[in-house]
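# Coordinate analysis (summary)
So you can see what is in the structure, the chains are spelled out below.
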Amino acid sequence: MVIKTRLLQPVTPADLVTLTRLNDDAEAIDGHPSLGDAVWRDLDRPLEPASAGVVAVDDGRAVGFAYVHRSDNVTPVHWDLGFVVHPDAREDAKVAVALLDRAVEHTAGHGGGLVVLWIFEPDERDDEVATRAGFRRQRDLLQMRVALPLGESTAWPPGVEVRPFVPGEDNGAWLNVNNRAFAGHPEQGGWVEATLARRLSEPWFDPKGFLLAFDTDGLAGFCWTKIHPPTDGDPELGEIFVIGVDPSRSGAGLGRALVVAGLASLAERGVRTGMLFVDGDNEAALRLYESLGFTTHRRDRAYEREVASR
């Protein structure tokens with residue numbers, strides 16, 4: 001196998017067709033996607049010209065694709081990187097390493113910085129690929145699922161009132177609580193108005209699924225849900241996209257109430273499987289979700305590498 005890589009900047013509609021075919025072929029074998037929402041979001045609407053794709057070709061046939069782009073949360077500043085390799089081209093790490101090396105080279109030419117690579121359901125070969133490309137393991141993210149409806153009623157702390165998010169009216173308060181709740185978090189921390197605006201403009205956004213909980217001091221917490229349409233491998237999924245409680249209100253039972261209320265809102269809209277992502281080392285959150293019946297469905301892994309500018 002002689003692998004050649006080509007940088008794609010910008011990624012054209014024809015390139016997207018190639019990527020979609022690779023992704024579909026891989027998902028048919030793996031049972032899960034290779035690329036996350038952040039990659040598809042930036043492919044649809046690149047945040048800036050530095051976003052780039054890399055295609056790997058063997059004897060004229062595309063066998064792999066990588067995409068790297070700057071994250072749209074401002075702290076910590078980093079690049080997001082994902083890739084897919086066709087199942088027929090996985091006999092060794094050559095294709096994956098070539099894709100990652102070319103993507104890293106691109107980031108070096110655009111200021112360098114922290115690059116975060118995501119691999120879904122990684123195995124030892126994936127760990128080896130990441131290591132060979134200069135990445136080290138950062139953290140695991142668990143996808144957990146539960147059958148709906150839960151059978152548990154929402155028990156709000158005294159004095160809490162709940163209503164849907166109102167775009168434009170609630171942006172500032174929500175950003176303040178989100179960034180307090182997720183200070184330093186790689187994906188959910190450091191959001192700015194533009195970050196939120198990108199999510200609110202997504203076709204899946206529904207304000208009815210974005211619950212805000214207020215007390216006498218203002219916004220205390222929130223639960224934002226998202227519905228994924230069914231695919232060949234999955235039923236319709238109702239995701240708790242992000243849930244947060246202002247640190248000043250921790251320990252009052254608001255977090256559990258928000259989870260239950262968010263899942264109830266999904267069930268009311270006909271969804272029968274709830275889903276969320278949680279850091280694998282977040283023991284408190286894991287205990288909460290497991291007590292509600294969630295079980296782990298998939299494990300995703302983030303790897304990181306600091307890239308010097310050149």
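Provided above is the structure to which this section pertains.
What you are looking at is a predicted structure, and each value in this text was computed from that prediction instead of being measured.

### A word on the overall build of the chain
Across its full length, the chain carries eight helices and 12 strands. For the chain, the C-alpha radius of gyration of 20 Å lies close to 19 Å, the compact-globule estimate for 310 residues. Taken over the C-alpha atoms alone, the chain extends approximately 65 × 40 × 35 Å along its principal axes. Counting all 310 residues of the chain, 50% fall into the buried class. Put simply, 73% of the contacts in the chain that link residues at least 6 apart link residues at least 24 apart. Carbon and sulfur atoms make up 52% of the accessible area of the chain, which totals about 14100 Å². Looking at charge distribution, the chain has the averaged site of its 32 positive side-chain charges lying 2 Å from that of its 48 negative ones.

### With respect to helix α4 (residues 124-132)
Listing the buried residues of α4 in full gives Asp126, Val129 and Ala130. For α4, the buried positions fall inside an angular range of 95° around the axis, keeping them on one side. Seen from the open side of α4, the exposed residues pointing more than 90 degrees away from its buried face are Glu124, Thr131 and Arg132. Close packing links the buried residues of α4 with α3 (94-108), β5 (113-120) and β12 (295-307). Backbone nitrogen of arginine 125 and a side-chain oxygen of the N-cap are separated by 3.0 Å at the start of α4; the cap is aspartate 123. Taken from the residues just after α4, glycine 134 is the one with a positive phi, measuring 90°.

### Considerations on the pattern of salt bridges
Under the counting rule described, the total for this entry stands at 28 salt bridges. Residues aspartate 127 and arginine 301 are paired through a salt bridge, measuring 3.1 Å at the closest nitrogen-oxygen approach. Placement of the pair is aspartate 127 in helix α4 and arginine 301 in strand β12, with a sequence separation of 174 residues. Taking the shortest distance from any N to any O, the salt bridge between arginine 139 and aspartate 279 comes out at 2.8 Å.

### Side note on the sheet that holds strand β9 (residues 218-228)
Taken together, the 12 strands give an open sheet; going across it, the order is β1-β2-β3-β4-β5-β12-β6-β11-β10-β9-β8-β7, and neighbouring strands pair in mixed fashion. The open sheet has two edge strands with one neighbour each: β1 (3-8) and β7 (161-164). Each adjacent strand pair in this sheet contributes to an overall mean axis angle of 25°, direction not counted. Two elements, strand β6 (residues 136-147) and β12, share nine bridges in a ladder whose sense is antiparallel. Across the sheet, methionine 144 pairs through a bridge with threonine 296, a residue of β12.

### What to know about unusual backbone geometry
Cis geometry marks the peptide bond from threonine 75 to proline 76; its omega dihedral reads -10°. When you line up the elements, proline 76 lands in the loop between β3 (61-70) and β4 (79-85). Residues leucine 148 and proline 149 are joined by a peptide bond in cis, for which omega reads 0°. Positive phi values are uncommon outside glycine, yet aspartate 59 reaches one of about 55°. Positive phi is not limited to glycine here, since glutamate 121 has a value of about 50°.

### Some details on the side chain of glutamate 304
Topologically, glutamate 304 is positioned in strand β12. A distance of 2.8 Å separates polar atoms of two side chains, one belonging to glutamate 304 and the other to glutamine 138.

### A word on the layout of surface pockets
Of the volumes computed, that of the second largest pocket is approximately 450 Å³. Phe83, Arg90, Asp123, Arg125 and Asp126 are the residues nearest the centre of the second largest pocket, which is lined by 22 residues in total. Counting only elements with at least two residues in the lining of the second largest pocket, the list comes to β4, α3, β5 and α4. Looking at the lining of the second largest pocket element by element, the count peaks at four residues for α4. Here the residues of the lining of the second largest pocket sort into 12 nonpolar, two polar and eight charged.

### Considering the nonpolar core
Nonpolar side chains tend toward joint burial in soluble globular proteins. Core analysis: the largest hydrophobic core is formed by 30 residues, its most contacted members being Leu81, Phe83, Val95, Leu99, Leu117 and Phe135. Looking at this core, the elements with two or more residues in it are β2 (52-58), β3, β4, α3, β5, α4 and β12. For this core, the leading source of residues is α3, giving eight residues. Sequence-distant contacts of leucine 99, that is, excluding residues within four places in its chain, are made with Val54, Val55, Ala56, Gly64, Phe65, Ala66, Phe83, Val84 and Val85. By size, the runner-up hydrophobic cluster in this structure holds 26 residues, among which are Val160, Ala220, Ala267 and Val278.

Reading the values: the criteria
Starting from 1, residues in each chain are numbered consecutively following that chain's sequence as written. Whole-chain, interface and lining totals are the exception, using all residues; otherwise, since this is a predicted model, local features are given only for residues with pLDDT of at least 70 and side-chain atom pairs are given and counted only at 80 or more. Side-chain measures were taken over the full set of non-hydrogen atoms in the model, leaving aside hydrogen atoms and water. Secondary structure counts use DSSP, requiring at least four H or I residues in a row for a helix and at least two E residues in a row for a strand, with both numbered from the N terminus. With C-alpha atoms as the basis for the radius of gyration, the globule rule is written as 2.2 Å multiplied by the number of residues raised to the power 0.38. Here the term buried applies to any residue with accessible area under 20% of the maximum for its type, exposed to any over 50%, and partly exposed to those in between, with areas from a 1.4 Å probe on protein chains only. Any pair of residues with heavy atoms lying within 4.5 Å of one another is described as a contacting pair. The accessible surface values rely on the Shrake-Rupley method and a 1.4 Å probe; as for residues, cover is taken only from the protein chains in view. Asp and Glu are treated as the negative residues and Lys and Arg as the positive ones, with His and the ends of the chain left uncounted. Working definition for charges: the position is that of NZ of Lys, CZ of Arg, CG of Asp or CD of Glu. Arc definition: it is the arc formed by the directions from the helix axis to the C-beta atoms. A 3.5 Å cut-off defines polar contacts: any pair of N or O atoms within that distance qualifies, except that in protein one atom must be a possible hydrogen donor and the other a possible acceptor, and neighbouring residues in sequence count only when both atoms are side-chain atoms. A carboxyl oxygen of Asp or Glu within 4 Å of a side-chain nitrogen of Lys or Arg is what we treat as a salt bridge. Only strands joined by at least two bridges in the DSSP assignment are considered to pair. Helix axes use the C-alpha atoms of the stretch in contact, all axes being lines fitted to C-alpha atoms, and the angles between their N-to-C directions lie in the range 0 to 180 degrees. A cavity here means a set of 1 Å grid points, computed over protein atoms only, where a 1.4 Å probe fits but cannot escape. A pocket is an open set with protein on both sides within 12 Å along at least 5 of 7 lines, and lining residues have an atom within 4 Å of a point. Grid points are joined across faces, edges and corners, and a volume is the space filled by probe spheres set on the points. Amino acids outside the nonpolar list (Ala, Val, Leu, Ile, Met, Phe, Trp, Tyr, Cys, Pro) and the charged list (Asp, Glu, Lys, Arg) are all regarded as polar, and Gly is one of them. Among buried residues, those of type Ala, Val, Leu, Ile, Met, Phe, Trp, Tyr and Cys that are joined through side-chain atoms within 4.5 Å constitute a nonpolar core.

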